[in-house]
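# Structural overview
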Amino acid sequence: MADEDEEPVFDEELEESSGGMDVCHGRRKRLFSKELRCMMYGFGDDQNPYTESVDILEDLVIEFITEMTHKAMSIGRQGRVQVEDIVFLIRKDPRKFARVKDLLTMNEELKRARKAFDEANYGS
């Protein structure tokens, strides 16, 4: 019997290994797997990368986001994450800083375009 050969998994072990994330039927809920698969393919991986590779990459992404969020919460206004806090944290990494600047600029341009579109359609 294969079931007898497997070690039992206890709830405490699942909670510790999940890093506080939702655990569903013994596995973590994967939040970014679809997007990561597409990104991996775009960067030259196979169209259907190994699930283990996607899982490891997702663990790294979630760890990075968690660390950055905790750091951002500890600076600026306590217990609150603001865009300026994230920009402050990545200011010494030129690639990340440039990307964030580009994304913020595009976001402002989209807001202006939506506003102009709404004013043209609905009048002001």
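Parameters at a glance
Residues numbered from 1 in each chain as written. Predicted model: local features only at pLDDT ≥ 70, side-chain atom pairs only at ≥ 80, totals over all residues. Heavy atoms only, no water. Helix = DSSP H or I, 4+ residues; strand = E, 2+ residues; numbered from the N terminus. Buried < 20%, exposed > 50% of the residue type's maximum accessible area, 1.4 Å probe, protein only. Contact = heavy atoms within 4.5 Å. Areas by Shrake-Rupley, 256 points an atom, 1.4 Å probe, with all protein chains shown as cover. Phe/Tyr/Trp six-rings, centres within 6.5 Å; stacked < 30°, edge-to-face > 60°. Lys NZ or Arg CZ within 6 Å of the ring centre and 35° of its normal. Expected span 1.5 Å × (residues − 1). pLDDT = per-residue confidence, 0-100. Salt bridge = Lys/Arg side-chain N within 4 Å of Asp/Glu carboxyl O. Lys, Arg positive; Asp, Glu negative; His and termini not counted. Axes fitted to C-alpha atoms, helices over the stretch in contact; angles between N-to-C directions. Parallel < 35°, antiparallel > 145°, perpendicular 65-115°, else oblique. Left-handed = near helix turned anticlockwise from the far one by under 90°.

So, on to the overall build of the protein. The helix and strand inventory of the protein stands at 6 helices and 2 strands. The order of α-helices and β-strands along the protein, N terminus first, is α-α-β-β-α-α-α-α. Here the protein holds 124 residues, and 11% of them are scored as buried. Considering only residue pairs separated by 6 or more positions, the protein has 26% of its internal contacts joining residues 24 or more positions apart. A total accessible area of about 10700 Å² is found for the protein, and carbon and sulfur atoms account for 55% of it.

Before going further, it helps to examine the packing of aromatic side chains. The full count for this structure, using the stated rule, is 0 aromatic pairs. Over the face of the ring belonging to F88 we find R91, whose NZ or CZ atom lies 3.9 Å from the ring centre.

Time to look at helix α4 (residues 51-74). End to end, α4 covers 35 Å across 24 residues, agreeing with the expected 34 Å (1.5 Å per residue, within 8%). G76 occupies a position one or two residues after α4 and carries a positive phi of about 65°.

With that out of the way, let us pick up the confidence of the model for the protein. Predicted confidence across the protein gives a mean pLDDT of 82, with 77% of residues reaching 70 or more. Low pLDDT, under 50, characterises residues 1-26; the predicted model gives this stretch 14 contacts beyond four residues in sequence or across chains.

All right, on to the pattern of salt bridges then. Applying the stated criterion across every chain yields a total of 5 salt bridges. A single salt-bridge network, built from bridges that share partners, covers R30, D55, E58 and D59.

With that settled, consider the side chain of D85. Examined against the element boundaries, D85 turns out to sit in helix α5 (residues 83-90). Buried D85, no salt bridge; nearest opposite-charge side chain is R80, N-O distance 7.9 Å.

The geometry of a pair of packed helices is captured by two quantities: the angle between their axes and the separation between those axes. Running from N to C, α5 and helix α6 (residues 94-122) cross one another at 155°; their axes reach a closest spacing of 9 Å. It follows from the interaxial angle that α5 and α6 lie roughly antiparallel. When the axes of α5 and α6 are compared, the crossing they make is left-handed. Judged by residue contacts, V83, V87 and I90 of α5 engage K96, F97, V100 and L104 from α6.

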